[in-house]
Amino acid sequence: MTIDDGKWRAFADIARTDGNRIEAVIKRVYETLLSRSGHALDGGANVGLHTRGLSDHLVDGQVIAVEANEVTFKQLELRTGTCTNLTRHLVAIQNDPKRTSISFNCSPSHPGRSGISRIWDRIAPGKVDYAETVTVPATTIDKLVQGAGWA
């Protein structure tokens, strides 16, 4: 499959002003790739837009939602409170199995851009305000998957 450069540029132009366009594409991808009995891990679940979509799609499957920003996690809980095939974890994902906590940069201006790394300082300098750095619990994908009984 090849990507038509003109179509890609047109999509990118639309997506710059219509963020829902990208969200719709992401939803279509997971609905196409995952069977109804599959498993999904939503790392950096934010307020649960895709967590909820994954839960609704995976009617016979399971979803793990991971969010390290405590304020955002509370919104995730509210949005996904009725999902019975979902477990939520207030934790950061990182790659060291021995590490149990990590520094996390919180952005009140752009909560979805909070994270272990201040990548937005490189992508868009000065556009994201990181109000504080907090220590949050940390785990690995392997531990989450094992805890869910998927491995």
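Note that the coordinates shown come from a computational prediction; the quantities given were computed from them, not determined experimentally.

Conventions and cut-offs
Residues numbered from 1 in each chain as written. Predicted model: local features only at pLDDT ≥ 70, side-chain atom pairs only at ≥ 80, totals over all residues. Heavy atoms only, no water. Pairing = 2+ DSSP bridges. Helix = DSSP H or I, 4+ residues; strand = E, 2+ residues; numbered from the N terminus. Buried < 20%, exposed > 50% of the residue type's maximum accessible area, 1.4 Å probe, protein only. Contact = heavy atoms within 4.5 Å. Core = buried A, V, L, I, M, F, W, Y, C linked by side-chain atoms within 4.5 Å. Right-handed = clockwise from strand over helix to strand, strands pointing away. Salt bridge = Lys/Arg side-chain N within 4 Å of Asp/Glu carboxyl O. Arc of directions from axis to C-beta. Axes fitted to C-alpha atoms, helices over the stretch in contact; angles between N-to-C directions.

A few points about the sheet that holds strand β6 (residues 132-139)
Strand order across the open sheet formed by 3 strands is β4-β6-β5, with mixed pairing between neighbours. Across the chains shown, the open sheet's two edge strands, defined by having one partner strand only, are β4 (92-93) and β5 (101-106). In this sheet, β6 lies alongside β5 in antiparallel orientation, the contact comprising 6 bridges. Its bridge partner lying in β6, Ser 103 is registered against Thr 135.

Structural notes on helix α3 (residues 49-57)
An α-helix turns once every 3.6 residues. As a result, residues three or four positions apart point the same way. Taken residue by residue, α3 has His 50, Thr 51, Gly 53, Leu 54, Ser 55 and His 57 as its buried positions. At its buried positions, α3 is contacted by α2 (19-33), β1 (39-43), β2 (62-67), α4 (70-80) and β3 (86-90).

Some thoughts on the nonpolar core
One recurring pattern in soluble globular proteins: nonpolar side chains tend to sit buried together. In terms of nonpolar packing, the biggest core is built from 11 residues, these being Tyr 30, Ala 40, Ala 45, Leu 54, Leu 58, Val 63, Ala 65, Phe 73, Leu 76, Cys 83 and Leu 86. Broken down by secondary-structure element, the contributors of at least two residues to this core are β2 and α4. In terms of nonpolar packing, the next biggest core, distinct from the first, is built from 7 residues, Ala 68, Phe 104, Val 136 and Ala 138 among them.

Observations regarding the pairing of β1
Of the two faces of β1, only the one carrying Ala 40 and Asp 42 is buried; His 39, Leu 41 and Gly 43 on the other face are not. Bridging between β1 and β2 involves 5 bridges; their strand directions are parallel. Following the sheet pairing, His 39 is matched in β2 by Gln 62. Since β1 and β2 lie parallel, the crossover through α3 that links them has a hand, and here it is right-handed.

Observations regarding the side chain of Thr 139
For Thr 139, the position within the fold is in strand β6. Ignoring sequence-local partners within four residues, the contact set of Thr 139 consists of Val 91, Ala 92, Ile 93, Gln 94 and Leu 144.

Topic: the pattern of salt bridges
Counted according to the given criterion, the structure contains 2 salt bridges. Put simply, Arg 52 and Asp 56 hold a salt bridge, and the shortest N to O gap is 3.5 Å. One end of the pair, Arg 52, and the other, Asp 56, are both in helix α3, 4 residues apart, so they sit about a helical turn from each other. A relative accessible area of 45% places Asp 56 in the partly exposed class.

Points about α4
Those residues of α4 not exposed but buried are Thr 72, Phe 73, Leu 76 and Thr 80. Relative to the axis of α4, the buried residues are bounded by an arc of 105 degrees and lie together on one face. Turned more than 90 degrees away from the buried face of α4, the exposed residues are Val 71 and Leu 78. In the core, the buried residues of α4 are packed alongside α3, β2 and β3.

Quick word on the sheet that holds β1
Strands sit in the order β1-β2-β3 across an open sheet of 3 strands; the sheet is parallel. Sheet topology places β1 and β3 at the edges, where each strand pairs with a single neighbour. Shown here is a sheet whose adjacent strand axes are inclined to one another by a mean of 15 degrees, direction ignored. Pairing geometry for β2 and β3, over 5 bridges, is parallel. By the bridge assignment, Val 66 is partnered in β3 with His 89. Of the strands in this sheet, β2 and β3 are in contact with α4, which crosses β3 at around 165 degrees.

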